[in-house]
Amino acid sequence: MVLSDEALIDVTRSNLNKMKLAIASTKRLADRKGVLVIGGHVKDCWNIAHALYEELELECNDNDVELVKKYVAAEYGEEFELVKLLSKGIAVHHSGLSDEVRVLIEWLMERGKLNILVATTTIAQGINFPVSTIIMASIAYPYTSEMPIRDFWNLVGRAGRAGQNDVGMIGITIGARNDNQKQEELAKLTRYVKKSTEELVSQLQKIAEKTIEFGEQFSLTDQFHNPEWSQFLQYITHMFNQCKDLGEFEEKTDLFLRRTFGYSNIEPRKQKILFSAVKEYGEVLNKNKGLAKLSDSTGFSMETLGRTAYRIKELGIRQDNLKGSSLFGNDSQLKDLIGIMMNIPEISKNMQDIAKGNRNLSGDMIARLTTDWVNGTKLETLASQYFGDDRDAMTECCQAIYGKLVNSATWGLSTIQKLGINEDSLSEEELQKAANLPAMIYYGVNSDEAILMRMNNVPRSVAAEMGVEYKKDFDNVYKQSSYEIRQWIEGLSSDKWDAFAENKRGMSGSDYRAIWKVLNNES
């Protein structure tokens, strides 16, 4: 299909790439409105969106877009690029944004308020809004191979705006610079699009290939540090916990293995080695039944739990520092806990990715970042303090916090608490407060009542103030159901909302109420 006889971008053929071709295609089709452009990485999204903003004369005078624009400015700062992009009805959607902002962007797209949305391929996993046109500069997930077929069809199946006689258009760019490469890439793309089923290859099939390297000396206990093996160990541990004793486990070992897709497809020699290793691992589990049960409840392998418990004892982690919000104070052992998490195989990659990013954050700095995040420091300040002052700082900050820290550190802290706290020595209230510490990291607030507000979709920037008001009305903040809390929020007066919004740059109480309704799926 020929989009135009005119050159849509000022670039020589030798400098053309998929991203520039996507920009050119989008420029030609921008009048269709509701165009979704898929980039390979977060940085690609920003570059595509910036180029379209500079080269297209688009208008967007819409109250909903203006509301989201004000919210983004209040949360990220007036200079954040998305604020400028929204003024032309252009937005981005990727892991460098908070969950709330991504929900708001999806809401705008669903209501047909955006001209162009530039997103990474991961949006295919949860896209639930129609679009007029899809331009794909990539069919691969960031840093991985091509996206699964089911996600591809979920994505392209949204092309064609609901309720209108409009044919959906899908364009996939090819970045080859000569005819031979172009034909090769086109053939590869054609084969991908024609796939009708996704190849099913279990993790077991992949990792079983390694058994041959060790032969009869192969031991599952030695593999716990590998995340792929850790998942398999957790499966075996779960099966062990379902049996009444070791004898039953050994009787059912072959059945457990055949339940995993792929075991029957590996060669007999490898089956025999793996079968023997699993039975041997059952004997190890039988000697450590307490850790085996804890493995089921934490999602960490028994070996990980044993080593983590040793590190807690070695570092002298105090129980008092695992059960109160003082953990996020200036004189806590959070730095030691972060150090432990960075060496837990199941979460180490995410934790180390924060440290190994463009800013090379140390474990101590990650602990301080976590403390500042929990204590309510604005994203704009966190980005500047820990990630620099350039255009990428806010994206890196959000990727570190929302993409890695809030999930991995929450998971890690919860497990460390299970290993380091004697629950029998704590009162019911102390247990509740201890259980809320991981949630403080997840939601970025430092009080129980603020957690409840965040759980009910109140934006982080007003959750603390609203929590204080909530506590005035309820002596015991734990007794109300989610429905009762939502009803309480719904019944707040305009004056109350205005008080919460005081000194919140550019946002009024009614603005925050409107944002809350969208996040609460009431708008």
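Residues numbered from 1 in each chain as written. Predicted model: local features only at pLDDT ≥ 70, side-chain atom pairs only at ≥ 80, totals over all residues. Heavy atoms only, no water.

### Some thoughts on the overall build of the protein
- Scanning the protein from terminus to terminus reveals 25 helices and 5 strands.
- Each of the 523 residues in the protein was classed as buried or not, and the buried ones make up 50%.
- A fraction of 67% describes how many contacts in the protein between residues 6 or more apart in sequence connect residues 24 or more apart.
- For the protein, the accessible surface area stands at approximately 25200 Å², while carbon and sulfur atoms represent 45% of it. (Helix = DSSP H or I, 4+ residues; strand = E, 2+ residues; numbered from the N terminus. Buried < 20%, exposed > 50% of the residue type's maximum accessible area, 1.4 Å probe, protein only. Contact = heavy atoms within 4.5 Å. Areas by Shrake-Rupley, 256 points an atom, 1.4 Å probe, with all protein chains shown as cover.)

### A word on unusual backbone geometry
- Positive phi is not limited to glycine here, since Asn503 has a value of about 70°.
- Mapped onto the secondary structure, Asn503 falls in the loop between helix H24 (494–501) and helix H25 (509–519).
- Its identity as a non-glycine residue notwithstanding, Asn521 has a phi of 60°, on the positive side.
- When you line up the elements, Asn521 lands in the segment after H25.
- Classification of Asn521 as exposed rests on a relative accessible area of 70%.

### What about the packing of aromatic side chains?
- On inspection of all chains with the given rule, the structure shows 11 aromatic pairs.
- On the numbers, 5.6 Å between centres and 80° between planes, the contact of Trp46 with Phe80 is edge-to-face. Here Phe80 lies in the loop between helix H3 (63–76) and helix H4 (81–86) and Trp46 lies in helix H2 (residues 42–55), a separation of 34 residues in the sequence. Phe80 matches Trp46 in its accessibility class, with the two residues each being buried.
- Ring-pair connections join several aromatic residues into one group, and the members of that group are Trp46, Tyr76 and Phe80.
- Here Lys88 stacks its cationic end above the ring of Tyr53, 4.4 Å away from the centre of that ring. (Phe/Tyr/Trp six-rings, centres within 6.5 Å; stacked < 30°, edge-to-face > 60°. Lys NZ or Arg CZ within 6 Å of the ring centre and 35° of its normal.)

### Overview of the confidence of the model for the protein
- When pLDDT is averaged along the protein, the result is 81; 79% of the residues meet or exceed 70.
- Scored below 50 in pLDDT, residues 1–14 makes 21 contacts in the model with residues more than four places away or belonging to other chains.
- Taken together, the stretch residues 161–165 has pLDDT below 50 and engages in 7 contacts with residues farther than four places along the chain or on a different chain. (pLDDT = per-residue confidence, 0-100.)

### Quick look at the side chain of Asn115
- Mapped onto the elements, Asn115 comes out in the loop between helix H5 (99–110) and strand S3 (116–120).
- From its side chain, Asn115 meets the backbone oxygen of Lys88 in a polar contact 2.9 Å long.
- Look past the residues within four positions of Asn115 in its chain and what remains in contact with it is Lys33, Gly34, Val35, Leu58, Glu59, Cys60, Lys88 and Gly89. (Polar contact = N/O pair within 3.5 Å; in protein donor to acceptor, adjacent residues only side chain to side chain.)

### Describing the packing of helix H17 (residues 363–374) against helix H18 (residues 379–387)
- Remark: H17 packs on H18, axes separated minimally by 11 Å, with the N-to-C direction vectors making an angle of 170°. Taken together, H17 and H18 sit at an angle that is classed as roughly antiparallel. Contact with H17, carried on its side by Met365, Arg368, Leu369, Asp372 and Trp373, involves Leu379, Leu382, Gln385, Tyr386 and Phe387 of H18 and no other residues of that element. (Axes fitted to C-alpha atoms, helices over the stretch in contact; angles between N-to-C directions. Parallel < 35°, antiparallel > 145°, perpendicular 65-115°, else oblique.)

### A look at the environment of Leu437
- The residue Leu437 is located in helix H20 (residues 428–443) in this model.
- The sequence separation of Leu437 and Ser326 amounts to 111 residues, and the corresponding C-alpha distance is 9.8 Å.

### Considerations on H5
- If you check H5, its first and last C-alpha atoms are 16 Å apart, about what 12 residues at 1.5 Å a residue would give, namely 16 Å.
- Positive backbone phi, at 70°, marks Gly112, one or two positions downstream of H5. (Expected span 1.5 Å × (residues − 1).)

### Describing helix H12 (residues 268–287)
- With 20 residues, H12 should cover 28 Å at 1.5 Å per step; its first-to-last C-alpha distance of 29 Å lies within 8% of that length.
- Of all the positions in H12, only Lys270, Gln271, Ile273, Leu274, Ala277, Val278, Tyr281, Gly282 and Leu285 are classed as buried.

### Things to note about the nonpolar core
- Judged by nonpolar contacts, the single largest core of 127 residues is most densely connected at Leu82, Leu86, Met453 and Ile489.
- Per-element tally for this core: the top contributor is helix H19 (residues 393–420), with 12 residues.
- Apart from residues no more than four positions distant in its own chain, Met453 is found in contact with Val458, Ala463, Met466, Gly467, Tyr470, Ile485, Trp488 and Ile489.
- The next biggest cluster of nonpolar side chains, apart from the first, holds 21 residues, and it includes Leu220, Trp229, Val278 and Leu285. (Core = buried A, V, L, I, M, F, W, Y, C linked by side-chain atoms within 4.5 Å.)

### Notes on the pairing of S3
- The element S3 is extensively covered by neighbouring structure, given that 5 of its 5 residues are classed as buried.
- Both faces of S3 are covered, namely the face carrying Ile116, Val118 and Thr120 and the face carrying Leu117 and Ala119.
- Sheet analysis places strand S1 (residues 35–39) next to S3, joined by 5 bridges and oriented parallel. Looking at S3, one finds that Val35 is bridged to Ile116.
- Judged from the 4 bridges that link them, strand S2 (residues 90–93) and S3 form a sheet pairing that is parallel. The residue of S3 that forms the bridge with His93 is Ala119.
- In this fold, the crossover linking S2 to S3 by way of H5 has right-handed handedness. (Pairing = 2+ DSSP bridges. Right-handed = clockwise from strand over helix to strand, strands pointing away.)

### Notes on the pairing of strand S5 (residues 169–172)
- What you see with S5 is a clean split: Met169 and Gly171 sit on the buried side and Ile170 and Ile172 on the side with no burial.
- The pairing of strand S4 (residues 133–136) with S5 spans 4 bridges and is classified as parallel. Within S5, the residue paired with Ile134 across the bridge is Ile170.

### Quick look at the side chain of Arg102
- In this fold, Arg102 is placed in helix H5.
- On the basis of relative accessibility, which here comes to 19%, the residue Arg102 falls in the buried class.
- At 3.3 Å, the side chain of Arg102 forms a polar contact with the backbone oxygen of Leu97.
- Discounting chain neighbours no more than four positions away, the residues touching Arg102 are His93, His94, Ser95 and Leu97.

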